[in-house]
Protein chains: 2
Amino acid sequence: MTVLFSKKCEYALQALLFMAEYRHEGPLSAERIATHLDIPKEFISKILQSLTKSNIVISQRGKAGGFRLARLPEKISLMDVVENIDGLGVFSDCLIGHPSCNPEAPCPLHHSWAPLRSQLKHLMEKTHLGNFIPGQTLNQLPDETTV
Amino acid sequence: MTVLFSKKCEYALQALLFMAEYRHEGPLSAERIATHLDIPKEFISKILQSLTKSNIVISQRGKAGGFRLARLPEKISLMDVVENIDGLGVFSDCLIGHPSCNPEAPCPLHHSWAPLRSQLKHLMEKTHLGNFIPGQTLNQLPDETTV
DNA sequence: GTAATTTCGGATAAAAAAGTCCTATTTTAA
DNA sequence: TTAAAATAGGACTTTTTTATCCGAAATTAC
Ligand code: SF4
Ligand code: SF4
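Residues numbered from 1 in each chain as written. Chains lettered and ligands numbered in written order. Predicted model: local features only at pLDDT ≥ 70, side-chain atom pairs only at ≥ 80, totals over all residues. Heavy atoms only, no water.

(A) Focus on the protein's contact with DNA strand C. Near DNA strand C, the surroundings consist of 25 residues, among which A:K46, A:S59, A:R61, B:P40 and B:F43 are the closest. Restricting the count to atoms of DNA strand C within 4 Å of the protein gives a sugar and phosphate share of 69%. Note that a phosphate oxygen of DNA strand C is positioned 3.5 Å from one of the side-chain N or O atoms of B:Y11. One nitrogen or oxygen atom from the side chain of B:R61 is found 2.8 Å from a sugar or linking oxygen belonging to DNA strand C. Listed by contribution, the elements that provide at least two residues to the surface near DNA strand C are α3 (41-53), β1 (57-60) and β2 (66-69) of chain A together with α1 (7-21) and α3 (41-53) of chain B. (Near = heavy atom within 4 Å. Polar contact = N/O pair within 3.5 Å; in protein donor to acceptor, adjacent residues only side chain to side chain. Helix = DSSP H or I, 4+ residues; strand = E, 2+ residues; numbered from the N terminus.)

(B) View of the interface of chain B and chain A. On the side of chain A, 33 residues touch chain B, which itself brings 33 residues to the contact. Where chain B abuts chain A, roughly 2900 Å² becomes buried across the two surfaces, and 76% of that area is made up of carbon and sulfur atoms. For chain B, the biggest contributors to the area lost against chain A are B:M1, B:V3 and B:I96; these three give 22% of the whole. Summed over the shared surface of chain B and chain A, the result is zero salt bridges. Joining chain B to chain A, the criterion identifies four residue pairs in polar contact (both at pLDDT 80 or more). (Contact = heavy atoms within 4.5 Å. Buried area = accessible area lost by both parts, 1.4 Å probe. Salt bridge = Lys/Arg side-chain N within 4 Å of Asp/Glu carboxyl O.)

(C) Local environment of the site of ligand 2. Surrounding ligand 2, one finds B:C94, B:H98, B:C101, B:P106, B:C107 and B:H110. Each residue belonging to the shell around ligand 2 can be placed in one class, and the counts come to four nonpolar, two polar and no charged. (Nonpolar A, V, L, I, M, F, W, Y, C, P; charged D, E, K, R; others polar.)

(D) Region of interest: the protein's contact with DNA strand D. In the neighbourhood of DNA strand D, 25 residues make up the surrounding shell, with A:P40, A:F43, A:R61, B:K46 and B:R61 lying closest. Taking the atoms of DNA strand D that fall within 4 Å of the protein, sugar and phosphate contribute 68% of them. Separating a phosphate oxygen of DNA strand D from a backbone N or O atom of B:A30 is a distance of 2.8 Å. Measuring from a phosphate oxygen of DNA strand D, one finds a side-chain N or O atom of B:S59 at 2.7 Å. When contributions to the surface near DNA strand D are tallied by element, the ones reaching two or more residues are α1 (7-21) and α3 of chain A together with α3, β1 (57-60) and β2 (66-69) of chain B. Of the residues that constitute the surface near DNA strand D, the class distribution is six nonpolar, ten polar and nine charged.

(E) Representation of the pairing of β1(A) within the structure. Residues and elements named next belong to chain A. Across four bridges, the pairing between β1 and β2 is antiparallel. Paired with S59 across the strands is F67, a residue of β2. Count of turn residues in the β1/β2 antiparallel hairpin: five residues, of which G62 carries a positive phi of about 80°. (Pairing = 2+ DSSP bridges.)

(F) Just the packing of aromatic side chains, in detail. Residues and elements named next belong to chain A. As enumerated under the stated definition, the model contains four aromatic pairs over all chains in all. With 4.8 Å between their ring centres and 50° between their planes, F18 and Y22 make a pair best called tilted. You can call F18 buried: its relative accessible area is 4%. (Phe/Tyr/Trp six-rings, centres within 6.5 Å; stacked < 30°, edge-to-face > 60°. Buried < 20%, exposed > 50% of the residue type's maximum accessible area, 1.4 Å probe, protein only.)

(G) Region of the structure containing the packing of helix α4 (residues 78-85) of chain A against helix α5 (residues 108-126) of chain A. Residues and elements named next belong to chain A. Packing of α4 against α5 leaves a shortest axis separation of 5 Å and a crossing angle of 110°. Overall, the two elements α4 and α5 adopt an arrangement that is roughly perpendicular. Between α4 and α5, the residues in contact are L78, M79 and V82 and K121, M124 and E125, respectively. Considering only residue class, the contact of α4 with α5 consists of four nonpolar, no polar and two charged. (Axes fitted to C-alpha atoms, helices over the stretch in contact; angles between N-to-C directions. Parallel < 35°, antiparallel > 145°, perpendicular 65-115°, else oblique.)

Bear in mind that shape data such as this cannot, by itself, settle questions of function.
Okay, structure coming up:
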């Protein structure tokens, strides 16, 4: 098992982090991304296609084509990616898959897990691709009021 | 996907919680457990066999046989179960499956995830089957110094 | 314009996880 | 003593996830 996300989702995140770092080199081909991450080219292709459909990346066919981020790395949250690939179940489903749970009387686990889960959710929402770009000490968006 | 644990592990936890609650009725058969949880009998049988080998439950063959907890519900932590079924990877593996990670310079995710993960670990360690038994307000072990 | 390169998308294959089946063995109630 | 009931364990099947293949369409460098 992976930790929290499917392999698809892990690869998507890895690919996007790579694309964020190298976004100035023009579109990156699936081939190059696959080589860099050491994962199958055909698999990451499919994943990138899916990210294209959900407007997280933009694809370009033909020679010198490839994929690039659809917007600033500071504008793509990890949650955007997780939601697109795995969905939001991880932030809402029962930790032990219990079928007969009475929400009125949550079990002892719930009281402790719910806050953790909510922190996790917040973490994925507040963390953006931009936060991972090396050598960029200030990975924040310009203050909207001053722009 | 499940949230954090495999289905095997979820079922194991569900079964053990049930066994803790009904531990006074003698051994519970795989059949009865499966019916109660509405999961396949053959599947939970295998899981219980595994739990037997790791001394979390005790099995008894023959008529009126079945499974019962190997020790007090207060003495079986959720971590005992998770460790036996899924292993401890979830508490140590990289959240995004990143292959090339320099532990000297952890990524931005790590700083936020590590504490959550450690809280999660602690939660699983401190929560015991005994904490789930209904109608039992005091689900703690007797103070060792007074016993 | 043409050839090279790349994504698109459907089909298929392999691997892993989940679920099922069957027989042997053990135990006990009657 | 015997039949019923239960676990043990190996083999097998199905489903889901992960991975691969291939032809068509698009784009661009030349
Ligand atoms: S209360 Fe317990 S059983 Fe119910 S959803 Fe929360 S963790 Fe699951
Ligand atoms: S630092 Fe980042 S990439 Fe490395 S193990 Fe932690 S989460 Fe994964």
